[in-house]
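One-letter residues, chain by chain:
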Amino acid sequence: MREERVVAQQPVKGEAELEASLRPRFLGEFIGQPLLQERLRVSIEAAAKMGIPMGHVLFSGPPGLGKTSMAGVIAQELGANMRRTSGPALDRPGDLASILSGLERGDIFFVDELHRLSRMVEEVLYPAMEDYALDIVVGRGAGATTYRLNLQPFTLVGATTRLGMISSPLRDRFQIIERFDYYTPEELRQIVVRSAGILGVKITGAGAEIIAARSRGTARVANRLLARVRDYAIARSDGSVTGEVAHRALAMLEVDEMGLDKVDRAILESVVHKFGGGPVGLGTLAIAVGEEPETVEEAYEPFLLQAGLLQRTPRGRVATEGTYLHLGLTPPADPQLRLV
């Protein structure tokens, strides 16, 4: 294992400043997603050379992989301003109209959780994306009149964790659709080393590798674990994140070798011990672990499915052979998984 020591600039102070500092600003600073980066680089350079706004972009993928960060990178690369909001925040068409009418030419309009846009707001967005115009209806009934308000050309960047929930008419209006994938252990190691440098944390190669291996393939998790391990290193050691310190810190946090935390293991143990390996319905499973069904489905299941520790079937959730092995149990000779 590498034992080179990374020493960085002075620690960043303040939560808002800390979060902002860890985000890459340009493509050259963004680690991972190499093919996606190259495709975006082509689109950015083409838009810059033609002097026109970049085509509308839709990012999908699990949370914590860098969709929001990449929206900011696009704005920086184009030298544009970025306005940011989220689908749930746009309650009424007027909310969207007020933002769009204030955009300047070439601005980036970033909408997180795009799948949660209301139908009325979504319909207002159609002419804005296609024609850079807003259709405003004045009056009601037979006396209603529609006026068209021209907008400055802009680029909409949408992000979603649930691409299937976005309607076809909205999805078809995006020129660029890209999916973010989970990061490799080496990419996560590089992210941890980079973030340690920004935070002013001394970290060894072994420490970075242990954190990366338990980060669930997710950049956000890697940065969160680094911050918690840093706190442990300061409180219980000399402040340096070595392999041994990282191992002790993550054991205290109940994060195991695969990156599973207490709730992850509770889900797997419930499926195996309380429901005989499954199948078990999502609602029943959520009650068993004391979480909301949406939390289990959106926050925990994606990684368990990706890691092969859980299977989603029409009849419910089922434990896999890997589930038993990870829990230190002997898989049944004829697991119910094979019956669905």
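This structure is a prediction, so every number in the text was calculated from the model and none was measured. (Residues numbered from 1 in each chain as written. Predicted model: local features only at pLDDT ≥ 70, side-chain atom pairs only at ≥ 80, totals over all residues. Heavy atoms only, no water.)

Q: Mind showing me how you'd approach helix α12 (residues 282-289) here?
A: Residues lying three or four places apart along an α-helix face the same way, a consequence of the helix completing one turn every 3.6 residues. For α12, the set of buried residues is Leu282, Leu285, Ala286 and Val289. The arc enclosing the buried residues of α12, seen along the axis, measures out at 100 degrees, which places them on a common side. Gly290 sits one or two positions beyond α12 and adopts a positive phi of about 75 degrees. (Buried < 20%, exposed > 50% of the residue type's maximum accessible area, 1.4 Å probe, protein only. Helix = DSSP H or I, 4+ residues; strand = E, 2+ residues; numbered from the N terminus. Arc of directions from axis to C-beta.)

Q: Help me understand the packing of helix α11 (residues 262-274) against α12, please; the structure alone is not making it clear to me.
A: Pairs of packed helices are described in terms of their axes, by the angle between the two and the distance that separates them. Contact geometry for α11 and α12: axes closest at 10 Å, N-to-C directions at 110 degrees. Classified by the angle their axes make, α11 and α12 are roughly perpendicular. The two elements α11 and α12 cross, and the hand of that crossing is right-handed. Taking contact as the criterion, the partners of Ala266, Ile267, Ser270, Val271 and Lys274 in α11 are, on α12, Leu285, Ala288 and Val289. Looking at side-chain class alone, the contact of α11 with α12 contains six nonpolar, one polar and one charged residues. (Axes fitted to C-alpha atoms, helices over the stretch in contact; angles between N-to-C directions. Parallel < 35°, antiparallel > 145°, perpendicular 65-115°, else oblique. Left-handed = near helix turned anticlockwise from the far one by under 90°. Contact = heavy atoms within 4.5 Å. Nonpolar A, V, L, I, M, F, W, Y, C, P; charged D, E, K, R; others polar.)

Q: Would you mind going over the nonpolar core with me for this structure?
A: Across soluble globular proteins, nonpolar side chains show a tendency to be buried alongside one another. Of all hydrophobic cores here, the largest spans 51 residues; its most connected members are Leu40, Met54, Phe59, Met70, Ile203, Ile211 and Val241. Looking at which element gives the most residues to this core, the answer is helix α9 (residues 219-236), with eight residues. Sequence-distant contacts of Val241, defined by excluding residues within four places in its chain, comprise Val201, Lys202, Ile203, Thr204, Gly207, Ile211, Val229, Arg230, Ala233 and Ala246. The next biggest cluster of nonpolar side chains, apart from the first, holds 23 residues, and it includes Leu114, Val121, Leu156 and Phe174. (Core = buried A, V, L, I, M, F, W, Y, C linked by side-chain atoms within 4.5 Å.)

Q: Just to check I follow, could you spell out the confidence of the model for the protein for this structure?
A: Note: predicted coordinates in regions of low pLDDT should not be interpreted at a detailed level. On average, residues of the protein carry a pLDDT of 88, and 90% of them reach 70 or more. Low pLDDT, under 50, characterises residues 1-14; the stretch is placed with 39 contacts to residues that sit more than four places away or in other chains. (pLDDT = per-residue confidence, 0-100.)

Q: Sorry if this is basic, but what is going on with the side chain of Ser167 here?
A: With respect to the helices and strands, the residue Ser167 is situated in the loop between β6 (155-160) and α6 (168-171). Polar side-chain contacts of Ser167 include one of 2.3 Å to the side chain of Glu122. Contacts of Ser167, omitting those with residues within four sequence positions, involve Arg119, Glu122 and Tyr126. (Polar contact = N/O pair within 3.5 Å; in protein donor to acceptor, adjacent residues only side chain to side chain.)

Q: What is the right way to look at a nonpolar patch on the surface in this model?
A: Taken together, the side chains of Ile136, Tyr147 and Leu149 define a hydrophobic patch exposed on the protein surface, amounting to about 270 Å² of accessible area. By the secondary structure assignment, Tyr147 is in strand β5 (residues 145-150). The exposure class assigned to Tyr147 is partly exposed, which follows from its relative accessible area of 49%. (Patch = residues over 30% accessible without salt bridge, like charges linked within 9 Å, V, L, I, M, F, W, Y side chains within 5 Å. Areas by Shrake-Rupley, 256 points an atom, 1.4 Å probe, with all protein chains shown as cover. Salt bridge = Lys/Arg side-chain N within 4 Å of Asp/Glu carboxyl O.)

Q: How should I be thinking about the pattern of salt bridges in this particular structure?
A: Oppositely charged side chains can pair when the atoms bearing their charge come close. By the definition in use, this model includes 17 salt bridges. With a closest N to O distance of 4.0 Å, Arg41 and Glu38 form a salt bridge. Remark: Glu38 and Arg41 occur in helix α2 (residues 34-50); sequence separation between them is three residues, near one turn of the helix. According to the relative accessible area criterion, Glu38 is partly exposed, its value standing at 45%. Arg162 serves as the salt-bridge partner of Glu298, at 2.9 Å between the closest nitrogen and oxygen. Linking Glu298 in helix α13 (residues 293-306) with Arg162 in the loop between β6 and α6, this pair joins segments that are 136 residues apart in sequence. On the basis of relative accessibility, which here comes to 37%, the residue Glu298 falls in the partly exposed class.

Q: Teacher, can you tell me more about the packing of helix α4 (residues 93-100) against helix α5 (residues 119-131) here?
A: Following both chains from N to C, one finds α4 and α5 inclined at 30 degrees, their axes separated by 8 Å at the closest point. Between α4 and α5, the interaxial angle falls into the category roughly parallel. Along the contact surface, α4 presents Pro93, Leu96 and Leu100, while α5 presents Met120, Val121, Val124, Leu125 and Ala128.

Q: Looking at this model, I keep getting lost on the pairing of strand β7 (residues 176-179). Mind explaining?
A: Walk down a regular strand and you will see the side chains alternate between the two sheet faces. Burial of β7 is one-sided: the residues Ile176 and Glu178 facing one way are buried, the residues Ile177 and Arg179 facing the other way are not. Where strand β1 (residues 57-60) lies against β7, four bridges are found, and the strand directions are parallel. Bridge pairing in β7 places Val57 opposite Ile176. (Pairing = 2+ DSSP bridges.)

Q: Mind showing me how you'd approach the sheet that holds strand β2 (residues 82-86) here?
A: Hydrogen bonds along the backbone pair up the strands of a sheet, which may run parallel or antiparallel. Within the open sheet, the five strands sit side by side as β2-β3-β6-β1-β7. Their pairing is parallel. Strand pairing shows two members of the sheet lacking a second neighbour, β2 and β7, which therefore form its edges. Sheet twist, expressed as the mean angle between neighbouring strand axes with direction ignored, is 15 degrees. Where β2 lies against strand β3 (residues 108-112), five bridges are found, and the strand directions are parallel. Along β3, the bridge assignment pairs Arg83 with Phe109.

Q: How do you make sense of unusual backbone geometry when you look at a structure like this?
A: Most peptide bonds take the trans form, and the phi angle of most residues other than glycine is negative. Each neighbour pair has its own omega, and for Gly278 with Pro279 the value is 5 degrees, a cis peptide bond. Located in the positive-phi region is Glu113, a residue other than glycine, with phi close to 50 degrees. For Glu113, the position within the fold is in the loop between β3 and α5. Under the relative-accessibility criterion, Glu113 is labelled partly exposed at 27%. The backbone of Arg216 sits at a positive phi, close to 60 degrees, despite the residue not being glycine. With respect to the helices and strands, the residue Arg216 is situated in the loop between α8 (205-213) and α9.

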